[in-house]
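# Overview (structure and organization)
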Amino acid sequence: MKNTFLIVALFLISNIFVQCDCLRDHHDNDLCYEFDRRQCDGDEWSDIVPLGDSADDQETKMKAYLEDKGIDIEDITLVQNFHEFVCEACVVCPQGDRFFIQIVDEEDVNILEELELLNFEEAACNNL
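Quantities reported herein were computed from a predicted structural model and do not represent experimental measurements. (Residues numbered from 1 in each chain as written. Predicted model: local features only at pLDDT ≥ 70, side-chain atom pairs only at ≥ 80, totals over all residues. Heavy atoms only, no water.)

### Here's the deal with the overall build of the protein
When you go through the protein residue by residue, the secondary structure sums to three helices and four strands. Sequence-ordered secondary structure for the protein, helices as α and strands as β, is α-β-α-β-β-α-β. Here the protein holds 128 residues, and the buried ones make up 33% of them. In the protein, the proportion of contacts linking residues at least 24 apart, taken out of those at least 6 apart, comes to 65%. (Helix = DSSP H or I, 4+ residues; strand = E, 2+ residues; numbered from the N terminus. Buried < 20%, exposed > 50% of the residue type's maximum accessible area, 1.4 Å probe, protein only. Contact = heavy atoms within 4.5 Å.)

### Some words on the packing of aromatic side chains
Counted by the stated rule, this structure contains five aromatic pairs. Pairing F35 with F99 gives two aromatic rings, centres 5.4 Å apart and planes at 20°, and the pair type is stacked. Taken as a pair, F35 in strand β1 (residues 31-38) and F99 in strand β3 (residues 94-103) lie far apart in primary sequence, 64 residues in all. F35 gets classed as buried once you look at its relative accessible area, which sits at 0%. With a relative accessible area of 0%, F99 lands in the buried category. Taken together, F35, W45 and F99 form an aromatic cluster joined through their ring pairs. (Phe/Tyr/Trp six-rings, centres within 6.5 Å; stacked < 30°, edge-to-face > 60°.)

### So, the nonpolar core
If you look at the biggest cluster of nonpolar residues, it comprises 20 residues, and the most contacted ones within it are M62, L66, I101, I103 and L112. Put simply, the parts of the chain that give this core at least two residues each are β1, α2 (55-68), β2 (73-79), β3 and α3 (108-114). (Core = buried A, V, L, I, M, F, W, Y, C linked by side-chain atoms within 4.5 Å.)

Read these as layout, nothing more, since geometry by itself doesn't imply function.
Structure (structure tokens):
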């Protein structure tokens with residue numbers, strides 16, 4: 001009888017942990033994207049987010065720029081020197097730095113696409 005009780009108790013406890021949403025990783029709905037800074041200050045936002053600023057300042061200014069465009073930003077990260085090797089052609093080549101952003105609303109992807117950001121694509125949210 002004790003063994004049966006113990007087996008049932010263990011089954012119930014393990015079932016609780018399996019069904020508990022708090023133990024699962026919920027990244028299915030995360031909306032994360034990445035894009036690069038263009039060589040020769042070829043981006044519309046180059047004057048607003050100067051290359052010489054600290055990474056924190058660039059992140060803050062990029063977030064403000066994107067929010068000005070109507071995009072609700074959840075998180076933003078700048079990875080400096082993301083590209084080890086880059087070409088030096090203006091406008092078509094990355095400068096080396098890459099922004100990673102997480103947005104709130106999936107409809108904002110259309111606005112981001114209209115900005116024609118260099119190498120804009122979906123990204124893993126673990127980069128933020």
